[in-house]
Amino acid sequence: MSERVSSRSNPGSHTKDWLQTLYQEYQHRKRRTGRVVLFTQLSILIGLILLWEIAGRFKWIDVLIFSYPTKVFAQIWKDVLSGELWPHLGTTVLETAAGFLLGTLVGTLLAVLIWWSPFLSKVLDPYMVVFNSMPKVALGPIFIVLFGGGFTAIVMTTLSITVIITTLVVNSSFNEVDPNLVKVVRTFGGSRKDVFRQVILPASFPAIVSTLKVNVGMAWVGVIVGEFLVAKEGLGYLIIYGFQVFNFTLVLSSLVIIAIAATGMYQLVVYIEHRLLRER
């Protein structure tokens, strides 16, 4: 009798238990879906590698051009043991990290400046569109003349890609913030600085963080393009060297290393994104 009275007097406990059960079921389905997705991804990857290996072994493809996985991984392992890989990998990762961080920072600051000044936004808008559509490889020789053939020219080539993309994406997120929120701050006498600090920036934070993931790919593209043009060291240089000596196994092994390094960098950015969004 007392238990029945207690349950009637505290109906909220049943609701809480029910919600907790639903949440646990949701988490279980989410983990199960994640495992299925990961298994499918790995199956596709392993299947493609096996198909490539079989095609190479049975000469279904020209192994001089396409090689096959065991030769590619043997090339990577040889370069790792000999130590030849590490200077090239370190150079490319350093250039990519510099271009990624500077591009994100400069692009975000430029987006803030454009949002702050509507006049400046109208003036720069056509120039940004034109510059974004311009092939960045064409700018490489200009950067080489200005900064010399080295680290600075490669980073500038990377910035020419990452800065504009960051500026366009972040500025677009600024302009898509609910205008009613801006009106509320304005109604209570808030300045443009208050609007940005209390409304625009918090509302755009997820978009700014997501831009990091876009910039990972853009930074790698910029660095490899720059290394194609000027580098004497780096993974892009190894690709060009492999083409010159007709060693396509070296070319493909460099591409595999780039894919692995870029994936690792992307996963690091995803981890940082989750931490930042969770802390908010």
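Since this is a predicted model, take the numbers as computed values, not measurements.

Trainee: For this particular structure, what's the right way to read the overall build of the chain?
Mentor: Scanning the chain from terminus to terminus reveals 12 helices and zero strands. Secondary structure of the chain in N-to-C order comes out as α-α-α-α-α-α-α-α-α-α-α-α. Since a compact globule built from 280 residues should have a radius of gyration of about 19 Å, the 26 Å found for the chain marks it as more spread out than a globular shape. In terms of overall dimensions, the chain has a C-alpha envelope of 85 × 60 × 30 Å along the principal axes. Looking at the chain as a whole, 34% of its 280 residues qualify as buried. The long-range fraction of contacts in the chain, counting pairs at least 24 apart against all pairs at least 6 apart in sequence, stands at 71%. Accessible surface, the chain: about 17300 Å² in total, of which carbon and sulfur atoms supply 69%. Between the mean site of the 24 positive side-chain charges and the mean site of the 16 negative ones, the chain shows a separation of 8 Å.

Trainee: What is the right way to read the packing of helix α5 (residues 85–116) against helix α6 (residues 118–133) from this model?
Mentor: Each pair of packed helices gets described by two things: the angle between the helix axes and the distance between those axes. Between α5 and α6, the least distance of the axes is 6 Å, while the angle of their chain directions is 125 degrees. Considering their axes alone, α5 and α6 lie oblique with respect to each other. Mapping the contact onto sequence places Leu113, Ile114, Trp115 and Trp116 in α5 and Pro118, Leu120, Ser121, Leu124 and Met128 in α6. In the contact of α5 with α6, the residues fall into eight nonpolar, one polar and no charged.

Trainee: What should I look at first to understand the packing of α5 against helix α11 (residues 235–244) in this one?
Mentor: The contact between α5 and α11 brings their axes to 7 Å, and the two run at 125 degrees. Between α5 and α11, the angle falls in the class oblique. Here α5 contributes Leu85, His88, Leu89 and Thr92 to the contact with α11, which in turn contributes Leu235, Gly236, Tyr237 and Leu238. Residues belonging to the contact of α5 with α11 are distributed by class as follows: five nonpolar, three polar and no charged.

Trainee: What should I look at first to understand the pattern of salt bridges in this one?
Mentor: Note on pairing: side chains with opposite charge can pair once their charged atoms come close. Counted under the stated rule, the structure contains three salt bridges. Linking Glu53 and Arg57 is a salt bridge whose minimum nitrogen-to-oxygen distance equals 2.7 Å. In this pair, Glu53 and Arg57 both sit in helix α2 (residues 11–57), four residues apart, roughly one turn of the helix.

Trainee: Mind showing me how you'd approach the confidence of the model for the chain here?
Mentor: Detail in the predicted coordinates should be disregarded across regions flagged by low pLDDT. Counting all residues, the mean pLDDT for the chain is 84, and 94% of those residues have values of 70 or more. Across residues 1–7, where pLDDT falls below 50, the model places one contact with residues more than four positions away in sequence or in other chains.

Trainee: Help me out: how do you make sense of a positive patch on the surface in this one?
Mentor: Side chains of Arg29, Arg31, Arg32 and Arg35 sit close together on the surface and give a patch of like positive charge. Within the secondary structure, Arg31 sits in helix α2.

Trainee: How do you make sense of helix α4 (residues 69–82) when you look at a structure like this?
Mentor: Here α4 spans 20 Å end to end across 14 residues, near enough to the 20 Å set by a 1.5 Å rise per residue. Positive phi shows up at Gly83, right after α4, with a value of about 85 degrees.

Trainee: Whenever I open this one, the nonpolar core confuses me. Can you help?
Mentor: A general trend in soluble globular proteins is that nonpolar side chains are found buried together. Within the largest apolar cluster, 20 residues are counted, with the highest numbers of intra-cluster contacts made by Phe100, Val216, Leu235, Ile257 and Ile258. The set of elements that each furnish at least two residues to this core consists of α4, α5, α10 (192–230), α11 and α12 (248–279). Among the nonpolar cores identified, the runner-up in size contains 11 residues, and Trp115, Phe174, Ile200 and Ile208 belong to it.

Trainee: Quick question: what am I supposed to make of a nonpolar patch on the surface here?
Mentor: A cluster of nonpolar residues, Leu38, Leu42, Leu45, Ile46, Ile49, Leu50, Leu51, Ile54, Phe58, Trp60 and Phe73, forms a patch on the protein surface that exposes about 1100 Å² of accessible area. A total of eight residues in the nonpolar patch trace back to one element, the largest contributor, which is α2. Looking at where Phe58 falls in the secondary structure, it is placed in the loop between α2 and α3 (63–66). Judged by relative accessible area, Phe58 falls into the exposed class, the value being 57%.

Trainee: Explain the environment of Gly99 here, please?
Mentor: By the secondary structure assignment, Gly99 is in helix α5. For Gly99, a relative accessible area of 0% gives the class buried. Measuring from C-alpha to C-alpha, the distance between Gly99 and Val163 comes to 9.2 Å, with 64 residues separating the pair along the chain.

Trainee: Looking at this structure, how should I read the packing of aromatic side chains?
Mentor: Each aromatic ring pair is specified by the distance between its two centres and by the angle formed by the two planes. Per the counting criterion, the structure on display carries nine aromatic pairs. Geometrically, the ring pair formed by Phe143 and Phe147 is tilted, given 6.3 Å between the ring centres and 35 degrees between the ring planes. Of this pair, Phe143 and Phe147 both sit in helix α7 (residues 140–147), separated by four residues, roughly a single helical turn. With 6.2 Å between their ring centres and 25 degrees between their planes, Tyr237 and Tyr241 make a pair best called stacked. You can see Tyr237 and its partner Tyr241 sitting in helix α11, four residues apart, about one turn around the helix. Following the ring pairs from residue to residue traces out a cluster consisting of Trp115, Trp116, Phe174 and Phe196.

The rules behind each value
- Residues numbered from 1 in each chain as written.
- Predicted model: local features only at pLDDT ≥ 70, side-chain atom pairs only at ≥ 80, totals over all residues.
- Heavy atoms only, no water.
- Helix = DSSP H or I, 4+ residues; strand = E, 2+ residues; numbered from the N terminus.
- Rg over C-alpha atoms; globule rule 2.2 N^0.38 Å.
- Buried < 20%, exposed > 50% of the residue type's maximum accessible area, 1.4 Å probe, protein only.
- Contact = heavy atoms within 4.5 Å.
- Areas by Shrake-Rupley, 256 points an atom, 1.4 Å probe, with all protein chains shown as cover.
- Lys, Arg positive; Asp, Glu negative; His and termini not counted.
- Charge placed at Lys NZ, Arg CZ, Asp CG, Glu CD.
- Axes fitted to C-alpha atoms, helices over the stretch in contact; angles between N-to-C directions.
- Parallel < 35°, antiparallel > 145°, perpendicular 65-115°, else oblique.
- Nonpolar A, V, L, I, M, F, W, Y, C, P; charged D, E, K, R; others polar.
- Salt bridge = Lys/Arg side-chain N within 4 Å of Asp/Glu carboxyl O.
- pLDDT = per-residue confidence, 0-100.
- Patch = residues over 30% accessible without salt bridge, like charges linked within 9 Å, V, L, I, M, F, W, Y side chains within 5 Å.
- Expected span 1.5 Å × (residues − 1).
- Core = buried A, V, L, I, M, F, W, Y, C linked by side-chain atoms within 4.5 Å.
- Phe/Tyr/Trp six-rings, centres within 6.5 Å; stacked < 30°, edge-to-face > 60°.

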